[in-house]
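Results of the structural survey
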Amino acid sequence: MIVEKKEIVELQKHIERKINEMNLSPKPDSAKIFDLNMLDSNISLFLLGAEFRDGPLELTAKDKLIIDALRSFRNSSVKEMDIADVANDIALAATEILDLINMLEDRVAAIPEKTFTDNVKSRLDSAYEAIRQLTELKKTQKQLIKEWQTSEIPLPLTNAGKLLGRVKSEKKAAASRENGKKGGRPRKDGTVKETTAKTTKTATKATAKTMGKTAAKKSASKTTAKKSTKK
């Protein structure tokens, strides 16, 4: 677990306050006070080892007491914070993210490879709409913040599906052409579309009619030839 040194220092101050409060209570819980003192000692040893280190610190398995206390401390800190302040910070961060998405869309738009562009843009559009909702959680929008606290807010619909539907490969196009020659996609029961059946029936009639005319012409030619021979 990676932490900042200042967070560990704040945790130790919190533990020491709790120890003082418990010692001043009418009926102090000696077992809990003992546990808190053990935790305080562990934090002191950890900070002593990290005295000359800069940057983030790492808590390992041997620091389990500190890790558990830190997680509990973080949860209690969030509860104590004003939800409006948290929402406002989220809105500000979301606004910055939207700016980054806009920059990415401008760069992607300059790429000539359409399939790649459509794939990326559909996902940027989806992310944009979701993040845009967060930008509305400003501190002044108290009613909206209350709604987010009490109701399940649906995710926004996007045109991502439409964009992905436009992405066609050469194989897809070829398959569509072949499918069209056969009368389109077969139905679930294995039959072809009604229009295909009608077309086939009409074609069969036309072929039969043509063959009939051809046979009639041949017959007429034979009759004429016989008459010529008799003469």
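Since we're looking at a predicted model, the values are computed, not measured.

So, on to the confidence of the model for the protein chain. In this model, the protein chain carries an average pLDDT of 76, and 66% of its residues clear a pLDDT of 70 or more. Contacts for the low-pLDDT stretch residues 190-195, under 50 throughout, to residues beyond four places or in other chains number 7 contacts.

Among the structural elements, S126 can be located in helix α5 (residues 114-134). Expressed as a C-alpha distance, the spacing of S126 and L157, which sit 31 residues apart in the sequence, is 7.9 Å.

We now examine the packing of helix α4 (residues 83-109) against α5. Remark: α4 packs on α5, axes separated minimally by 9 Å, with the N-to-C direction vectors making an angle of 160°. With respect to α5, the axis of α4 lies roughly antiparallel. Considering how the two elements wind past one another, α4 and α5 form a crossing that is left-handed. Contact with α4, carried on its side by I90, A91, A94, I97, L98, I101, N102, L104, E105 and V108, involves T117, V120, L124, D125, A127, Y128, I131, R132 and L134 of α5 and no other residues of that element. The residue inventory of the contact of α4 with α5, partitioned by class, reads 14 nonpolar, 2 polar and 3 charged.

It is worth spelling out the packing of helix α1 (residues 5-24) against helix α2 (residues 30-49) at this point. With their axes 10 Å apart at the nearest point, α1 and α2 run at an angle of 155° to one another. The angle between α1 and α2 falls in the class roughly antiparallel. Our pair here, α1 against α2, has a crossing hand that is left-handed. Residues K5, I8, V9, L11, Q12, I15, E16, K18, I19, M22 and N23 of α1 pack against K32, I33, L36, N37, L39, D40, I43, S44, F46 and L47 of α2. Residue classes in the contact of α1 with α2 are distributed as 12 nonpolar, 4 polar and 5 charged.

On to the nonpolar core. Membership of the largest hydrophobic core comes to 20 residues, with the highest contact counts inside it found for I8, L11, I15, I43, L59, I66 and L70. Counting residues per element, the ones that place at least two in this core are α1, α2 and α3 (64-80). Ranked by residues supplied to this core, first place goes to α2 with 6 residues. Setting aside residues up to four positions removed in sequence, L59 forms contacts with M1, V3, I8, F46, I66, I67 and L70. Ranked by size, the runner-up nonpolar core spans 6 residues in total, among them A94, V108, L124 and I131.

Attention shifts here to the environment of T60. Tracing the backbone shows T60 in the loop between β2 (57-58) and α3. On the basis of relative accessible area, T60 is assigned to the partly exposed category, the value being 33%. Here the alpha-carbon distance between T60 and M1, two residues 59 residues apart in the chain, equals 6.6 Å.

Attention now goes to the side chain of E7. Residue placement: E7 occurs in helix α1. A polar side-chain atom of E7 sits 2.7 Å from a polar atom in the side chain of R74. Setting aside its immediate chain neighbours within four residues, E7 contacts L70 and R74.

Reading the values: the criteria
Residues numbered from 1 in each chain as written. Predicted model: local features only at pLDDT ≥ 70, side-chain atom pairs only at ≥ 80, totals over all residues. Heavy atoms only, no water. pLDDT = per-residue confidence, 0-100. Contact = heavy atoms within 4.5 Å. Helix = DSSP H or I, 4+ residues; strand = E, 2+ residues; numbered from the N terminus. Axes fitted to C-alpha atoms, helices over the stretch in contact; angles between N-to-C directions. Parallel < 35°, antiparallel > 145°, perpendicular 65-115°, else oblique. Left-handed = near helix turned anticlockwise from the far one by under 90°. Nonpolar A, V, L, I, M, F, W, Y, C, P; charged D, E, K, R; others polar. Core = buried A, V, L, I, M, F, W, Y, C linked by side-chain atoms within 4.5 Å. Buried < 20%, exposed > 50% of the residue type's maximum accessible area, 1.4 Å probe, protein only. Polar contact = N/O pair within 3.5 Å; in protein donor to acceptor, adjacent residues only side chain to side chain.

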